[in-house]
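Okay, here's what each chain looks like letter by letter:
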Amino acid sequence: MTTPHDDPHGEDIRRAAALLADASYCIALTGAGISAESGIPTFRGKDGLWTKHGEPPLNQFDEFRDSPADWWRNVAERRRNPDELTASLVNAQPNDAHFAMAELERIGVLKHTITQNVDGLHRLAGMERLTEIHGNSRLLRCTQCTTRSPFDEIPEIFPPRCDHCGGIVKTDTVMFGEPIPPDALERCYRESSRADCVLLVGTTAVVSPAADFAFAVGQRGHPMIEVNLDPTVITQYCAVALHDKAGELMSRIAASVKELRGSGDQ
Ligand code: NAD
Ligand code: ZN
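Residues numbered from 1 in each chain as written. Chains lettered and ligands numbered in written order. Predicted model: local features only at pLDDT ≥ 70, side-chain atom pairs only at ≥ 80, totals over all residues. Heavy atoms only, no water.

K.L.:
Hey, could you run me through the coordination of the zinc ion (ligand 2) in this one?
P.N.:
Under perfect tetrahedral coordination by four donors, a metal shows angles of 109.5 degrees; under perfect octahedral coordination by six donors, it shows angles of 90 or 180 degrees. Surrounding the zinc ion (ligand 2) are the protein donor atoms Cys142 (SG), Cys145 (SG), Cys162 (SG) and Cys165 (SG), at 2.2 to 2.4 Å. Here the zinc ion (ligand 2) is ringed by 4 donor atoms whose angles at the metal span 98 to 117 degrees, and the overall shape comes out tetrahedral. A residue is classified by how much of its surface remains accessible, and cysteine 142, at 1% relative accessible area, is buried. Taking relative accessible area as the criterion, cysteine 165 reaches 36% and is therefore assigned partly exposed. (Donors = N, O, S within 2.8 Å, 3.2 Å for Na, K, Ca; no water. Tetrahedral: all angles 85-135°; square planar, octahedral: opposite > 155°, others 65-115°. Buried < 20%, exposed > 50% of the residue type's maximum accessible area, 1.4 Å probe, protein only.)

K.L.:
Explain the sheet that holds strand S1 (residues 26–30) here, please?
P.N.:
Working definition: the strands of a sheet are paired by backbone hydrogen bonds and lie parallel or antiparallel to each other. Strand order across the open sheet formed by 6 strands is S3-S2-S1-S7-S8-S9, with parallel pairing between neighbours. The sheet is open, and its two borders are formed by strand S3 (130–132) and strand S9 (240–243), each paired with just one other strand. Each adjacent strand pair in this sheet contributes to an overall mean axis angle of 15 degrees, direction not counted. Where S1 and strand S2 (residues 110–115) come together, 5 bridges link them in parallel fashion. Bridging across to S2, cysteine 26 finds its partner in leucine 110. Its contacts with the sheet place helix H1 (residues 10–22) against S1, strand S7 (197–201), strand S8 (224–228) and S9, and it is angled at close to 130 degrees to S9. Set on the sheet, helix H10 (residues 246–260) makes contact with S7, S8 and S9; between it and S8 the angle comes to about 140 degrees. (Pairing = 2+ DSSP bridges. Helix = DSSP H or I, 4+ residues; strand = E, 2+ residues; numbered from the N terminus. Axes fitted to C-alpha atoms, helices over the stretch in contact; angles between N-to-C directions. Contact = heavy atoms within 4.5 Å.)

K.L.:
Help me understand the site of ligand 1, please; the structure alone is not making it clear to me.
P.N.:
Near ligand 1 there are 26 residues, and of these Gln116, Asp119, His134, Thr204 and Asn228 occur at the shortest range. A distance of 3.2 Å is found between a nitrogen atom of ligand 1 and a side-chain nitrogen or oxygen belonging to glutamate 37. Here ligand 1, which alone exposes 860 Å², has 93% of that area covered by the protein. Here the residues of the shell around ligand 1 sort into 9 nonpolar, 11 polar and 6 charged. (Near = heavy atom within 4 Å. Polar contact = N/O pair within 3.5 Å; in protein donor to acceptor, adjacent residues only side chain to side chain. Areas by Shrake-Rupley, 256 points an atom, 1.4 Å probe, with all protein chains shown as cover. Nonpolar A, V, L, I, M, F, W, Y, C, P; charged D, E, K, R; others polar.)

K.L.:
In this structure, what is going on with the packing of H1 against H10? I would like to understand it.
P.N.:
The relative placement of two packed helices is expressed as an angle between their axes plus a distance between the axes. Contact geometry for H1 and H10: axes closest at 8 Å, N-to-C directions at 55 degrees. Here H1 lies oblique to H10, going by the angle between them. Along this stretch, H1 crosses H10, giving a crossing that reads as right-handed. Residues Gly10, Ile13, Arg14, Ala16, Ala17, Ala18, Leu20 and Ala21 of H1 lie in contact with H10, whose contacting residues are Leu249, Arg252, Ile253, Ser256, Val257 and Leu260. Class assignment for the residues of the contact of H1 with H10 results in 10 nonpolar, 2 polar and 2 charged. (Parallel < 35°, antiparallel > 145°, perpendicular 65-115°, else oblique. Left-handed = near helix turned anticlockwise from the far one by under 90°.)

K.L.:
When you look at the packing of helix H8 (residues 182–194) against helix H9 (residues 210–219) in this model, what are you seeing that I'm missing?
P.N.:
Running from N to C, H8 and H9 cross one another at 15 degrees; their axes reach a closest spacing of 9 Å. Comparing the axis directions of H8 and H9 gives the class roughly parallel. Between H8 and H9 lies a crossing whose hand is right-handed. Mapping the contact onto sequence places Leu185, Cys188, Tyr189 and Ser192 in H8 and Phe213, Ala216 and Val217 in H9. Partitioned by chemical class, the residues of the contact of H8 with H9 number 6 nonpolar, 1 polar and no charged.

This is the structure we're talking about:
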């Protein structure tokens, strides 16, 4: 027989699963921590890139606006000589936490996911009900009409122009100082205002406006569930808070939800 001592998370996993199974419109907010087990470093936290190297300049978008051609030359240079984050993004694959969330979406429990990650791993795991609020490093985006296209190769002309409207094209990743694309913001408002449960995975929940969409659900009195390696500023507001690696916790939560729902495929 398993005792709470053998399995410190067992009871909380069942409570989290029950909340998810009971919700009629559950959404999720994910951050860099969900991709840590895919080998992509986080920014904050013990081994975070900013902890090691300091915070990046906050005027990246000004640099782009001042000279999109020079900015594109820098992007091309970084592709040739990638830094730690760029290098890890290129070959990363989804981990158990991404697949567990994809399964929760597939069985209809998770209605929408807002990710702050730019790594595209939720999509690679098969998720479709998704807003990449800070963009996707594998895509390009027109700064005027927001049309997105795959970023497979460095463009031949700097800056590249949009096929539809002639606007200047940049990478889809949202830089410091750059407004969140209006289509992403609008979707986040819509999804979060419908939600009656929110699952937060691998996020410090300090980046605005992304974190605000999760808080808004909690402020309406609905349950918040946290899955994170360590406690965060939101832990005290959560109905259930689980602190360990996201891969194992999310796999167990998804399995428990499916058990509660019988076959899990209705
Ligand atoms: P963060 O870097 O600020 O914090 C990461 C969080 O993940 C911490 O709370 C940490 O305790 C937790 N964590 C670390 N390893 C974990 C694991 N194995 N399982 C569960 N939790 C774990 O992350 P954030 O709050 O998302 O930061 C926001 C910004 O960082 C976002 O704008 C995002 O775009 C950017 N970012 C993205 C990536 C990516 O695309 N993978 C990587 C680094 C940073
Ligand atoms: Zn355009």
